[in-house]
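Summary of the model geometry
Spelled out, the chains give:
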Amino acid sequence: QVHFAESGGGLVQPGESLRLSCTVSGSIFKINGMGWFRRGPPYPREWRQRDLVATITTDGGTTYADSVKGRFTISGDNGKNSVYLQMNSLKPEDTAVYYCSADIDADGWGGLSRYWGQGTQVTVSS
């Protein structure tokens, strides 16, 4: 069992900031990397893929979607199995459910599986 604790979503106006946090716990041998993905409107959303926002490896390597470069910053704390997303200069098009992800080797055999958090809503609107 792998458990996610996500927080930090909410309603903000354009140009404002939010910081998302995610901590993973449970049956984890090793985490290879963590990240944030998002799924925006229209509703219903379940059939739509999650789009990459940013990822970070355990050695600090990062990737970002072009749409968030220069505005969002991903960081991690390996000791806490946590990842954070600082989102600045938010735009209405950033409105989405943001999902934390973790690439986990659960049993020490080297196989990685991607696990997902339950998601946190970010709404940017005036």
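Structural notes, computed from the coordinates. Everything numeric in this text was worked out from a predicted model, so none of it was measured. (Residues numbered from 1 in each chain as written. Predicted model: local features only at pLDDT ≥ 70, side-chain atom pairs only at ≥ 80, totals over all residues. Heavy atoms only, no water.)

On to the pattern of salt bridges, then. Oppositely charged side chains can form a pair if their charged atoms are brought close together. Scanning the model with the defined rule gives four salt bridges in all. The salt bridge partner of Asp66 is Lys69, with a shortest N-O separation of 3.1 Å. Judged by relative accessible area, Asp66 falls into the exposed class, the value being 63%. Bridged by salt links that share partners, the residues Arg38, Arg71 and Asp94 form one connected network. (Salt bridge = Lys/Arg side-chain N within 4 Å of Asp/Glu carboxyl O. Buried < 20%, exposed > 50% of the residue type's maximum accessible area, 1.4 Å probe, protein only.)

Attention shifts here to the environment of Ile104. With respect to the helices, strands and loops of the structure, Ile104 is situated in strand β9 (residues 96-105). Along the chain, Ile104 and Gln121 lie 17 residues apart, while their C-alpha atoms are 24 Å from each other. The contact partners of Ile104, leaving out residues within four places of it in the chain, are Val2, Val24, Ile28, Lys30, Ile31, Gly111, Leu112, Ser113 and Tyr115. (Helix = DSSP H or I, 4+ residues; strand = E, 2+ residues; numbered from the N terminus. Contact = heavy atoms within 4.5 Å.)

Ranked by internal contacts, the top residues of the largest apolar core, which has 28 residues, are Val24, Trp36, Leu85, Met87 and Tyr98. Put simply, the parts of the chain that give this core at least two residues each are β1 (2-7), β3 (18-26), β4 (30-39), β5 (51-57), β7 (72-77), β8 (82-87), β9 and β11 (120-124). Counting residues per element, this core draws most heavily on β9, which supplies five residues. (Core = buried A, V, L, I, M, F, W, Y, C linked by side-chain atoms within 4.5 Å.)

Function cannot be inferred from these measures alone, as they are strictly geometric.
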